[in-house]
Amino acid sequence: MADTHVLFVEDDDVIREATQLALERDGFVVTAVPDGLLGLERFREQRPDIALLDVMVPGLDGVSLCRRIRDESTVPVIMLSARADSIDVVLGLEAGADDYVTKPFDGAVLVARIRAVLRRFGHAGGAAGAGGDEHGGIEGGGLLRFGDLEVDTEGMEVRKGGEPVGLTPTEMRLLLEFSAAPGTVLSRDRLLERVWDYGWGGDTRVVDVHVQRLRGKIGQDRIETVRGFGYKLRG
C-alpha cells in the first residue's frame, strides 16, 4: 500500500492535518485539500487511487464532488460524515460512493475501511478486481445469461439486450455474487461480508442503496427483494 495515493477533502484544519499524518504513517501518499472545487482540480490533475470526501465542505460539497468524480472515473470513494444521518448516508451512496465512515472516527478503523475498499478494487485505477478472493467469490470464467442480461465473468463485462452496461467495481462485485447463485436468497450481512469485505457488522443501507443502483442499470425486476431475508437474482 506504500504507493497508494489518497485524495482527502476536509475543511476542518485539525481533522485534515491529523488524518493526513495518520494515513502517511500507514504508508499512504496523501493530497489533502480544504474544499470541493480544489478537490476536483486535484483529482483531475493527480488521478488518486481513492478519494475520501467529507460531506460538508465549501465550494463544492462532498456529494456533488462525488457525482463529478463518478462521471469521470470508477475510482473508489469513501464519504465522511459528522452524523450517521440517513440523508447524508443515502445521498452519498446514491451519488456513487462505495462506503462511508462517520466522524469522529478512529484512525485504525479508517485505514481498515480504506484497505478493504482497495482490496476489492484491485488497489489502483478502479480495476474491478472481482475475481475469486479469500472468501471464494467467483471461480472460473464464462458467459452467464439471465434473460437479456449477459455477465462475462472473465472479461468483467455486462450487457443488457446486447448493449454494454457500465458498472462500478462495487456494482460488478455485487452482480457477480448474485450471478454465482441465481435464485438463491443472499442476506444483507452475507453481501456486506462478500462484497464490502466486512468481517464485522456493517450498515446494511450500503447494500440497499447499491442494489437500487444496480437495478437501475440491469433492470428493476432482475433483482428481487425477499422481505425479511435479503435479495435474489431472477434466473
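That block above? That's the structure.
Bear in mind the structure is a predicted one, so any value in this text is a computation, not a measurement. (Residues numbered from 1 in each chain as written. Predicted model: local features only at pLDDT ≥ 70, side-chain atom pairs only at ≥ 80, totals over all residues. Heavy atoms only, no water.)

Bringing the sheet that holds strand β2 (residues 29–33) into the picture now. One open sheet holds the 5 strands; their spatial order is β2-β1-β3-β4-β5, and the pairing between them is parallel. Sheet topology places β2 and β5 (99–102) at the edges, where each strand pairs with a single neighbour. For this sheet, the mean angle separating the axes of adjacent strands, direction not counted, is 20 degrees. Of the strand pairs in this sheet, strand β1 (residues 5–9) and β2 are connected by 5 bridges, and their pairing is parallel. In the strand pairing of β2, Phe-8 is matched with Ala-32. (Pairing = 2+ DSSP bridges. Helix = DSSP H or I, 4+ residues; strand = E, 2+ residues; numbered from the N terminus. Axes fitted to C-alpha atoms, helices over the stretch in contact; angles between N-to-C directions.)

Okay, helix α3 (residues 62–72) next. A turn of α-helix holds 3.6 residues, and therefore any two residues three or four places apart point the same way. Buried residues of α3: Gly-62, Val-63, Leu-65, Cys-66, Ile-69 and Arg-70, and no others. Take α3 and look down its axis: the buried residues cluster within an arc of 155 degrees, on one side only. Contacts made by the buried residues of α3 are with β1, α2 (36–46), β3 (50–54), β4 (77–81) and α4 (86–94). Two to three positions downstream of the cap, the backbone nitrogen of Val-63 sits 3.0 Å from a side-chain oxygen, assigning the N-cap of α3 to Asp-61. (Buried < 20%, exposed > 50% of the residue type's maximum accessible area, 1.4 Å probe, protein only. Arc of directions from axis to C-beta. Contact = heavy atoms within 4.5 Å. Polar contact = N/O pair within 3.5 Å; in protein donor to acceptor, adjacent residues only side chain to side chain.)

Bringing the nonpolar core into the picture now. Grouped together as the largest cluster of nonpolar side chains are 48 residues, with contacts concentrated most on Leu-53, Met-79 and Phe-178. Examining the composition of this core, we find that 6 residues originate from one element, helix α8 (residues 205–218), more than from any other. Phe-178 has contacts with Leu-186, Leu-191, Val-211, Leu-214, Ile-223, Tyr-231, Lys-232 and Leu-233, leaving out every residue within four places of it along the chain. Core analysis: the next-biggest nonpolar cluster, separate from the first, contains 16 residues, Val-6, Ile-50, Leu-80 and Leu-118 among them. (Core = buried A, V, L, I, M, F, W, Y, C linked by side-chain atoms within 4.5 Å.)

Spatially, the 4 strands line up as an open sheet ordered β6-β7-β8-β9, and their pairing is antiparallel. On the outer flanks of this sheet lie β6 (143–146) and β9 (163–164), each paired with one strand and no other. In this sheet, strand β7 (residues 149–152) lies alongside β6 in antiparallel orientation, the contact comprising 4 bridges. Residue pairing across strands places Arg-145 opposite Glu-150, the latter belonging to β7. Contacting β6, β7 and β8 (157–160), helix α6 (residues 169–180) runs over the sheet at an angle of about 105 degrees to β7.

Another aspect to go through is the packing of α2 against α3. As a packed pair, α2 and α3 sit with axes 10 Å apart at the nearest point and diverge in direction by 20 degrees. By the angle class used here, α2 and α3 are roughly parallel. Seen along the crossing, α2 lies across α3 with a hand that is right-handed. Facing Gly-36, Gly-39, Leu-40, Phe-43 and Arg-44 of α2, the residues of α3 in contact are Leu-65, Arg-68, Ile-69 and Glu-72. In terms of residue class, the contact of α2 with α3 is built from 4 nonpolar, 2 polar and 3 charged. (Parallel < 35°, antiparallel > 145°, perpendicular 65-115°, else oblique. Left-handed = near helix turned anticlockwise from the far one by under 90°. Nonpolar A, V, L, I, M, F, W, Y, C, P; charged D, E, K, R; others polar.)

The next point concerns the pattern of salt bridges. All chains considered together, the criterion is met by 19 salt bridges. Its salt-bridge partner being Arg-145, residue Glu-150 comes within 3.4 Å of it at the nearest N-O pair. Between Asp-148 and Lys-160 there is a salt bridge, and its shortest N-O distance comes to 3.5 Å. On the criterion of sequence distance, the pair formed by Asp-148 in the loop between β6 and β7 and Lys-160 in strand β8 is long-range, its members being 12 residues apart. With a relative accessible area of 36%, Asp-148 lands in the partly exposed category. Connected through salt bridges with shared partners, the residues Glu-10, Asp-54 and Lys-103 form a single ionic network. (Salt bridge = Lys/Arg side-chain N within 4 Å of Asp/Glu carboxyl O.)

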